Amino acid sequence: MLSHHRSTINPTKKVLPTTTKENYNDEKTNAATTTTITTATTTTTTTTTTTTTTTTTTTIVAYGETVKASVAAGADAFLSPTGSSERYAEEFGGAAIITSIDTALPFGADAVAHARAIGADAVKAMVYPFGDDDSINRSAAIAAQAAAVGMPFLSEPIPGGFSRVDMRSPEIIAAGARVAAEAGADFVKTFYTGDPKTMRLVVDYASVPVIILGGHAKANLGELYQEVFDAINHAGVAGVAIGTNIWTSKNPGGVVRGLTAILHEKASVADAVKIAESHKG
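Residues numbered from 1 in each chain as written. Predicted model: local features only at pLDDT ≥ 70, side-chain atom pairs only at ≥ 80, totals over all residues. Heavy atoms only, no water.

Novice: Explain the packing of helix α6 (residues 170-182) against helix α7 (residues 196-206) residue by residue, including any values.
Specialist: α7 packs onto α6 with a crossing angle of 20° between their chain directions and a minimal axis gap of 8 Å. Compared by their axis directions, α6 and α7 come out roughly parallel. As α6 packs across α7, the resulting crossing turns out to be right-handed. The segment α6 lies against α7, with Pro 170, Glu 171, Ile 173, Ala 174, Ala 175, Ala 177, Arg 178 and Ala 181 engaging Thr 198, Leu 201, Val 202, Tyr 205 and Ala 206. For the contact of α6 with α7, a count of residues per class yields ten nonpolar, one polar and two charged. (Axes fitted to C-alpha atoms, helices over the stretch in contact; angles between N-to-C directions. Helix = DSSP H or I, 4+ residues; strand = E, 2+ residues; numbered from the N terminus. Parallel < 35°, antiparallel > 145°, perpendicular 65-115°, else oblique. Left-handed = near helix turned anticlockwise from the far one by under 90°. Contact = heavy atoms within 4.5 Å. Nonpolar A, V, L, I, M, F, W, Y, C, P; charged D, E, K, R; others polar.)

Written out as structure tokens, the structure is:
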């Protein structure tokens, strides 16, 4: 993940990440494969297996190599499932690790303690505002656990759940972000509304720092970078969490390097594309 303000996530300085292993594909979630290439929750092992939409397609990723290339290119942090958070600690290097946790019992009761034990810098959990489950209460419980030990908590609100694609208007996204914040989140990862004007509504209403997810694979780097540039420079978004658009690239380090140029070096979209395309490694 990349954040507009470069720093390391720690108990006293709550930060935002930017280059993540977590990705999305048409908002379908796959709980089993958590964190990398074309899934909602993302990858697992050295060569990561992930399921795409409703088909049985399998994509293999050089997980450790992609992590190292992203770190070298300037990734501030990684969103990672528990297993990968521990298994790839060396590859993550100096980047912060935000471990994705399950809020459901029995795991939720010890989720924060477990994340601390494996060296996570922060934790992240899903929450489904305006849905028919108790995810808000579970999220609040995780927030309390995290606050008690000084660990930043990132909440990812999905209004109505993944199937409710009708609940993706700027107003509902903003309301979902605020619900997540009121449940105790230190910062929120959510959808980009499509334009900086309506995204500013989300940022202002959330009351905590907001990072946007990268969403589906973009047609080209220019499209991805324009969205990021507008969100950071015109909507006040604090950072970005990009999954699919990095993990499906033949040059993941290049994608990250271009993002870093926009977030940390105030590069234009055109310059970021040039930087990304010229990046090797």
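Novice: Got a sec to walk through the nonpolar core? Specific residues and values, please.
Specialist: Core analysis: the largest hydrophobic core is formed by 63 residues, its most contacted members being Val 123, Phe 153, Met 199, Tyr 225, Val 228 and Val 237. Beyond its immediate stretch of four places on either side in the chain, Val 123 contacts Ile 98, Thr 99, Ile 101, Val 112, Ala 115, Ile 142, Ala 146, Met 151, Pro 152, Phe 153 and Leu 154. (Core = buried A, V, L, I, M, F, W, Y, C linked by side-chain atoms within 4.5 Å. Buried < 20%, exposed > 50% of the residue type's maximum accessible area, 1.4 Å probe, protein only.)

Novice: Go over the pairing of strand β7 (residues 153-157) with me, naming the residues and quoting the values.
Specialist: Counting buried positions along β7 gives five out of five residues, so the element sits mostly inside the fold. Alternating positions in β7 separate into two faces, Phe 153, Ser 155 and Pro 157 on one and Leu 154 and Glu 156 on the other, with burial throughout. Strand direction decides the pairing type here: strand β6 (residues 122-127) and β7, joined by five bridges, are parallel. Within the sheet, the bridge partner assigned to Val 123 lies in β7 and is Phe 153. For the handedness criterion, the β-α-β arrangement of β6, helix α5 (residues 135-148) and β7 is classed as right-handed. Relative to strand β8 (residues 187-190), β7 runs parallel, the two sharing two bridges. Looking across to β8, one finds that Ser 155 is bridged to Val 188. You can see the chain leave β7, run along α6 and come back into β8, and the turn it takes is right-handed. (Pairing = 2+ DSSP bridges. Right-handed = clockwise from strand over helix to strand, strands pointing away.)

Novice: Kindly report on the environment of Met 199, identifying the contributing residues and their values.
Specialist: Mapped onto the fold, Met 199 is located in helix α7. Separated by 36 residues in sequence, Met 199 and Ala 235 have C-alpha atoms that sit 5.7 Å apart.

Novice: Account for helix α4 (residues 107-117), with residues named and values stated.
Specialist: Every buried residue of α4 is accounted for by Gly 108, Ala 111, Val 112 and Ala 115. Buried residues in α4, looked at end-on, bunch into an arc of 80°, giving them a common side. Exposed side of α4, more than 90 degrees from the buried face: Asp 110 and Ala 117 are the residues found there. At its buried positions, α4 is contacted by β5 (96-100), β6 and α5. Of the residues one or two after α4, Gly 119 is the one with positive phi, at around 95°. (Arc of directions from axis to C-beta.)

Novice: Account for the packing of aromatic side chains, naming residues and giving values.
Specialist: One pass over the full model with this rule turns up four aromatic pairs. One aromatic cluster in this structure is built from Tyr 63, Tyr 88 and Trp 247. The cationic tip of Arg 178 hangs over the ring face of Tyr 205; the distance from NZ or CZ to the ring centre is 5.2 Å. (Phe/Tyr/Trp six-rings, centres within 6.5 Å; stacked < 30°, edge-to-face > 60°. Lys NZ or Arg CZ within 6 Å of the ring centre and 35° of its normal.)

Novice: Any details on the packing of helix α10 (residues 252-265) against helix α11 (residues 269-278)? Residues and values, ideally.
Specialist: Relative orientation of the contacting elements α10 and α11 amounts to 150°, with a least axis distance of 7 Å. With respect to α11, the element α10 is oriented roughly antiparallel. Crossing of α10 over α11 shows right-handed handedness. Of the residues in α11, those in contact with Gly 254, Val 255, Arg 257, Gly 258, Ala 261 and Ile 262 of α10 are Ala 272, Ile 275 and Ala 276. When the residues that make up the contact of α10 with α11 are grouped by side-chain class, the tally is six nonpolar, two polar and one charged.

Novice: Break down the side chain of Thr 190 for me, with residues and values.
Specialist: By secondary structure assignment, the location of Thr 190 is in strand β8. The contact partners of Thr 190, leaving out residues within four places of it in the chain, are Pro 157, Ile 173, Met 199, Val 202, Val 210, Ile 211, Ile 212 and Leu 213.

Novice: How would you explain the pairing of β8 if you had to name every residue and give the values?
Specialist: Here β8 shows two buried faces, one formed by Phe 187 and Lys 189 and the other by Val 188 and Thr 190. Relative to strand β9 (residues 210-213), β8 runs parallel, the two being bridged by three bridges. The residue bridging Lys 189 from the neighbouring strand is Ile 211, located in β9.

Novice: How would you explain the environment of Pro 152 if you had to name every residue and give the values?
Specialist: Among the structural elements, Pro 152 can be located in the loop between α5 and β7. Using a relative accessible area of 0% as the deciding quantity, one classes Pro 152 as buried. With 31 residues separating them along the chain, Pro 152 and Asp 121 place their C-alpha atoms 7.5 Å apart.

Novice: If you had to explain unusual backbone geometry to someone new, which residues and values would you point to?
Specialist: At the junction of Leu 105 and Pro 106, the peptide bond is cis and its omega measures out at 5° in the coordinates. Residue position: Pro 106 is located in the loop between β5 and α4. Backbone geometry places Phe 130, a non-glycine residue, at a positive phi of 65°. Within the secondary structure, Phe 130 is located in the loop between β6 and α5. In this structure Phe 130 comes out as partly exposed when scored by relative accessible area, which is 41%. Located in the positive-phi region is Lys 266, a residue other than glycine, with phi close to 60°. In this structure, Lys 266 sits in the loop between α10 and α11.

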